[in-house]
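So you can see what is in the structure, the chains are spelled out below.
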Amino acid sequence: MITFTAAWGKGDGCVGRLTPATRLMCGALVLASCAAASLKSSYGVALLILVLASWLAGCGLPLRRLGYLLGFSACLFLPLLLLVPVARMRGDAVAASATLHAALGVGVRGTLCLLVGAATFAALQPAELRQGLADLPLPGAVAVLILQIVHQSALLAEDSRCMVLALRARGVTSASLIARLRCLFALPVLWLLHLVLRAERVSAAMEVRGFDGVLRGESLTVTSAWDRCAVTAALLVFGVTLALRLGVA
């Protein structure tokens, strides 16, 4: 299973020298730039490729992980191209062309956001995420929600791996088709029960520890010259991306 959490702290690029809050802020700005980039302008595409390559190299995302992410992205977005033959079956060439452009746009933007998110996680250690979120000027509920989503995703990924190993050990992969279908239909129920039980345990643990839903940290102060340059460059890239997008629209 390909997950973002598998890339935690695996990067060794220069972005790791920045403060956790700066890494999160720059990652968010690069992600926003990829989502808002104009794919109709050659300048926009060139800027997008440059920014993506710079961020991946700066975060030091391993090439092996990059290959896994590209394969996962292909599994997610290539099925969208199946909509094109459906549009052509209706005999509408304009609709088929529009469907193709829309599918390619969603696939390209989705792949870029996937790579940027994984690269940002690669430049962060799990223990640094809490401090980074606490230093950012985010509402307390939003910071806690992001932190819980990331942590629970890591736990669920490990649970999924253990569940697959348990099914293999019990011979489900070599069982009859009917037995495999029964396991497949039973998995959603078991999964939901597992999520409910885990949520109750997490809630009880937070209540026992007196957690009030506030991440405490220092106020965001970018004092390092590298931090200031990184944030300025990320803001500049985002502004140029928006300008190119509005200029083409």
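Refer to the preceding data block for the structure.
Residues numbered from 1 in each chain as written. Predicted model: local features only at pLDDT ≥ 70, side-chain atom pairs only at ≥ 80, totals over all residues. Heavy atoms only, no water.

The end-to-end C-alpha separation of helix H8 (residues 177-208) is 46 Å, in line with the 46 Å expected for 32 residues at 1.5 Å each. Of all the bends in H8, the greatest reaches close to 30° and is centred on Leu187; the proline Pro188 follows between one and four positions later. Within two residues after H8, Gly210 carries a phi angle of roughly 70°, on the positive side. (Helix = DSSP H or I, 4+ residues; strand = E, 2+ residues; numbered from the N terminus. Expected span 1.5 Å × (residues − 1). Bend = angle between axes of the 7 residues up to and from the residue.)

So, about the packing of helix H7 (residues 140-169) against H8. Look at H7 against H8: their axes get within 12 Å of each other, and the N-to-C directions meet at 135°. Relative to H8, H7 is oriented oblique. With respect to the hand of their crossing, H7 and H8 are arranged in right-handed fashion. Residues Gln148, Gln152, Leu155, Leu156, Asp159, Ser160 and Met163 of H7 form the contact with H8, whose own contacting residues are Leu187, Trp191, His194, Leu195, Arg198, Val202 and Met206. (Axes fitted to C-alpha atoms, helices over the stretch in contact; angles between N-to-C directions. Parallel < 35°, antiparallel > 145°, perpendicular 65-115°, else oblique. Left-handed = near helix turned anticlockwise from the far one by under 90°. Contact = heavy atoms within 4.5 Å.)

Computed from the structure, the largest pocket encloses a volume of approximately 490 Å³. Taken together, 17 residues form the lining of the largest pocket, with Cys14, Val15, Trp55, Ala230 and Ala233 sitting closest to its centre. For the lining of the largest pocket, the elements supplying multiple residues, two or more each, are helix H1 (20-36), helix H2 (42-59) and helix H9 (225-248). In terms of residues, the lining of the largest pocket owes the most to one element, H2, which gives 6 residues. Among the residues making up the lining of the largest pocket, the classes are represented as 14 nonpolar, 2 polar and 1 charged. Lining the second largest pocket we find 16 residues, and of these Leu24, Leu31, Gly117, Thr120 and Phe121 sit closest to its centre. If you list the elements that add at least two residues to the lining of the second largest pocket, you get H1, helix H5 (93-122), helix H6 (126-135) and H7. Residues of the lining of the second largest pocket, tallied by class, amount to 13 nonpolar, 3 polar and no charged. (1 Å grid on protein atoms, 1.4 Å probe; cavity = no way out; pocket = protein on both sides within 12 Å on 5 of 7 lines; lining within 4 Å. Points joined across faces, edges and corners; volume = space filled by probe spheres on them. Nonpolar A, V, L, I, M, F, W, Y, C, P; charged D, E, K, R; others polar.)

Time to look at the pattern of salt bridges. Tallying each qualifying case throughout the model produces 1 salt bridge. Across the salt bridge formed by Arg23 and Glu128, the nearest N and O atoms sit 2.9 Å from each other. Of this pair, Arg23 sits in helix H1 while Glu128 is found in helix H6, placing the two residues 105 residues apart along the sequence. Under the relative-accessibility criterion, Glu128 is labelled partly exposed at 23%. (Salt bridge = Lys/Arg side-chain N within 4 Å of Asp/Glu carboxyl O. Buried < 20%, exposed > 50% of the residue type's maximum accessible area, 1.4 Å probe, protein only.)

With that out of the way, let us pick up the state of the cysteines. A full pass over the atoms with the stated rule returns 0 disulfides. Cys26 forms no disulfide, and the closest cysteine sulfur to it belongs to Cys59, at a distance of 9.2 Å. Of the residues examined, Cys26 reaches a relative accessible area of 2% and is grouped as buried. Of all cysteine sulfurs, the one in Cys113 lies closest to Cys34, which takes part in no disulfide; the gap is 6.0 Å. (Disulfide = S-S within 2.5 Å.)

Shape is all these values report; function is a separate question.
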